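Listed here are the chains, written in short residue letters.
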Amino acid sequence: MKQPQVDVVIVGAGFAGLTAARDLGAAGRRVCVVEARDRIGGRTWYRTDLFDGPLDGLPDGLPDGHGLEMGGTWIVPQQTFVSAEVRRYGIAISDSALPSRMTWSDRGTVLDSLLPVPPAELDRLEHAVRALLAAGARLDVDRPLSAQGLADLDVPIRRWADEAGLEGNARELLISWFCGCGNASADTGSALDVLRWLAAMDNSLWGMVKASVLGQTFDDGTASLARALADDGGADIRLSSPVRSVRQSADHVVVTYDGGSVSARRVLVTVPLGVLQDIAFEPALAPAKLAISKENHAGQGQKVWALARGVPEDLSGYGWGTVFDYVGAMRTHPRGVVLVCFAPEHDAVDGEDVRAVQRAVREYAPDAEVIATATHDWVGDPWSRGTWTTFRAGQITKYERHLATPEGLVHFAGAHTAHRWPGFIDGAVDSGRRAAAELLELL
Ligand SMILES: Cc1cc2nc3c(=O)[nH]c(=O)nc-3n(C[C@H](O)[C@H](O)[C@H](O)COP(=O)(O)OP(=O)(O)OC[C@H]3O[C@@H](n4cnc5c(N)ncnc54)[C@H](O)[C@@H]3O)c2cc1C
C-alpha cells in the first residue's frame, strides 16, 4: 500500500485536538486536523458580533473586550493544564469581580437575607455543608473514580440529596446548585461527577463556586488561546470538513470527510461523547463507547446571555424552583448590564425570546428590563449534542475505564476522557497532552 499521507489525523479542532496537534507537531510529526465547523475552538466560541445593533440612539458596536463567550468561559488556577498554556503563550486573563452580596431566589421570590435559609433552618444548612464535605473528601481526582468504591455517590443529584438527609432550603439550593454545575437535571446528572468539582478544588465549597462562575476569564476570549495553540502547532487544519468514517487496516487508517479523505498511521478522535456514534468506524467502535455515546451525557441545559437594565451591576443570583439556576452580571456597558444565565433544562426557556428571558431574569431582579439576548443551541448542534460533559448517574461506574482506551490504531481524547476536570477546558487540554504522549510512544 502507499505510504500514509500523515503520521496522525486528529478529528476535531477543540482544545483537546489543538493541544494534541501542538504536542505532536513539536515532536516533528506530520499532523492533519479535520474539523466539522468553519472555526476552531469547539465548545468554546468567543463572539464579538452580538448586542451591537442600533438601539435607543446608542452608538452601534460593543466596546473592545465586550465579546461574549457562547461556551467555555471560566478557568481557575487549580486547573493546571489550561493555566500552564495561558502562561506559555502570555494570554491575558482577569479575575472575576466579587459581588457585594449573593441574591437568593426561592421559586421566584428574592430573599432579603444574607444566607439562603431562615435562622430556624441553619442546622439544616450546616448539615448540608458537612454532608458535602464528607462526600467530597472520599474522592481522589487523580485516579479513575470508578476504581474507588464510589458507586453510592454515582446516583442522580436529587437521590443523593435525599440519601444525605438534606432538608428545607438547604436541600433545594444544593440540588439546584449541583444542577447548575452540571447543566443537568436533578434526575439525570450524577452527584459523583459534581462532587468531583469539589474534590478538585481541594474540597473547598468556595473554590467550587469560583470554578463555576467566579474564576478567571480570557480578556480577548478563549479564542486567543485556541489560536495560539493552532499557530504554534502549525498543523494542516481542514475546516468545514465533517468526518464521516474512520476505517482501519493493518498498518494505516483512512479518515473520510465531506470533501476528501486522508490516510494516517494513527488517528486521534476528540469529538464530544454524544457525537461519537455518528461516525462510521471500521471495525466498529467498542460496545461500551457506542453505548455511552447513544446514552449521551447529562449536560443538556443552556447558557443564555441577556443585556438588561434595572438590575444590580454586581448581581450574582442562585435560585431554586426558578427557570435559571444562576443569573450573574458579567459587566456593565453603556447599553446596560450584561448577564449570564444558566438553565439545567434545554427547553426551560427559549433563549432567543426576549420576553421569556426577561420573565426568567425577573425571578432574580424584579425590575429587570431585558433588551436583547444571545445563546447557542449546543444541544441541537450536531457537532456537540450537549454542553459541557456531566456524566449521567451510573455512567462513571459503568463506562469510565473504556473512554480513553485505544482501539487498534485509533486513539481517543476530549475533555470527557480526563480524570480531574472532564467538564472543562482544562480536561480537554489534559486529554490532548495525554493522547499526544501516548501516540508519540507508539509512532
Ligand atoms: C455553554 C458551555 C459553557 C461552558 N463553560 C465552561 C467554563 O466556564 N469553563 C470551562 O473550562 N469549560 C466550560 N465548558 C466546557 C468546555 O468548553 C469543554 O469541556 C471543552 O471546550 C471541550 O473541548 P474538547 O476539545 O474536548 O471538545 P470540543 O470543544 O467539543 O471539540 C470537539 C471538536 O470536534 C468537532 N467535531 C465533532 N464532530 C465532528 C466530526 N464528525 N468531524 C470533524 N469534527 C467534528 C467539533 O466541531 C469540535 O470542534 C462549557 C461548555 C459549554 C458548551
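Note that the structure is a prediction, hence the values are computed from the model and not measured. (Residues numbered from 1 in each chain as written. Predicted model: local features only at pLDDT ≥ 70, side-chain atom pairs only at ≥ 80, totals over all residues. Heavy atoms only, no water.)

Visitor: If you had to explain the packing of helix H1 (residues 15-26) against helix H8 (residues 223-233) to someone new, which residues and values would you point to?
Guide: In helix packing, the relevant descriptors are the interaxial angle and the interaxial distance, both defined with respect to the helix axes. Taken N-terminus to C-terminus, the directions of H1 and H8 make an angle of 30°; their axes are 8 Å apart at the nearest point. The angle between H1 and H8 places the two elements in the roughly parallel class. Between H1 and H8 lies a crossing of left-handed hand. Side by side, H1 and H8 meet where Phe-15, Leu-18, Thr-19, Ala-21, Arg-22 and Gly-25 of the first sit next to Leu-225, Ala-226, Leu-229, Ala-230, Asp-232 and Gly-233 of the second. Across the contact of H1 with H8, the residue classes break down as seven nonpolar, three polar and two charged. (Axes fitted to C-alpha atoms, helices over the stretch in contact; angles between N-to-C directions. Helix = DSSP H or I, 4+ residues; strand = E, 2+ residues; numbered from the N terminus. Parallel < 35°, antiparallel > 145°, perpendicular 65-115°, else oblique. Left-handed = near helix turned anticlockwise from the far one by under 90°. Contact = heavy atoms within 4.5 Å. Nonpolar A, V, L, I, M, F, W, Y, C, P; charged D, E, K, R; others polar.)

Visitor: Account for a negative patch on the surface, with residues named and values stated.
Guide: Together, Asp-350, Glu-352, Asp-353 and Asp-377 give the surface a local cluster of negative charge. Considering the arrangement of structural elements, one finds Asp-350 in the loop between strand E17 (336-343) and helix H10 (354-361). (Patch = residues over 30% accessible without salt bridge, like charges linked within 9 Å, V, L, I, M, F, W, Y side chains within 5 Å. Areas by Shrake-Rupley, 256 points an atom, 1.4 Å probe, with all protein chains shown as cover. Salt bridge = Lys/Arg side-chain N within 4 Å of Asp/Glu carboxyl O. Lys, Arg positive; Asp, Glu negative; His and termini not counted. Charge placed at Lys NZ, Arg CZ, Asp CG, Glu CD.)

Visitor: Go over the side chain of Ser-384, please, and point to the residues and values.
Guide: Structurally, Ser-384 can be placed in the loop between strand E18 (369-375) and helix H11 (395-399). Note on Ser-384: relative accessible area 0%, which makes it buried. Sequence-distant contacts of Ser-384, that is, excluding residues within four places in its chain, are made with Arg-37, Arg-43, Pro-272, Val-275 and Trp-378. (Buried < 20%, exposed > 50% of the residue type's maximum accessible area, 1.4 Å probe, protein only.)

Visitor: So what's going on with the environment of Leu-440? Residues and values would help.
Guide: Structurally, Leu-440 can be placed in helix H12 (residues 425-442). For the pair Leu-440 and Ala-27, spaced 413 residues apart in sequence, the C-alpha to C-alpha distance is 8.0 Å. What Leu-440 contacts, discounting residues up to four positions off in sequence, is Asp-23, Leu-24, Ala-27 and Arg-29.

Visitor: Explain the domain arrangement of the protein chain residue by residue, including any values.
Guide: Taken as a whole, the protein chain is organised into domain 1 (6-43 + 222-297 + 383-442) and domain 2 (120-213). On a C-alpha basis, the centroid separation for the pair domain 1 and domain 2 is 29 Å. On the side of domain 2, 25 residues touch domain 1, which itself brings 19 residues to the contact. The largest per-residue losses of area from domain 1 upon contact with domain 2 belong to Ile-396, His-419 and Arg-420, which jointly make up 30% of the total buried on that side. Across the domain 1-domain 2 interface, the total number found is one salt bridge. Among the ionic pairs, Arg-420 bridges to Asp-142, the shortest N-O distance being 2.8 Å. Across the domain 1-domain 2 interface, the total number found is 13 residue pairs in polar contact (both at pLDDT 80 or more). Partitioned by chemical class, the residues of the side of domain 1 that touches domain 2 number eight nonpolar, seven polar and four charged. (Domains from an automatic or database assignment. Buried area = accessible area lost by both parts, 1.4 Å probe. Polar contact = N/O pair within 3.5 Å; in protein donor to acceptor, adjacent residues only side chain to side chain.)

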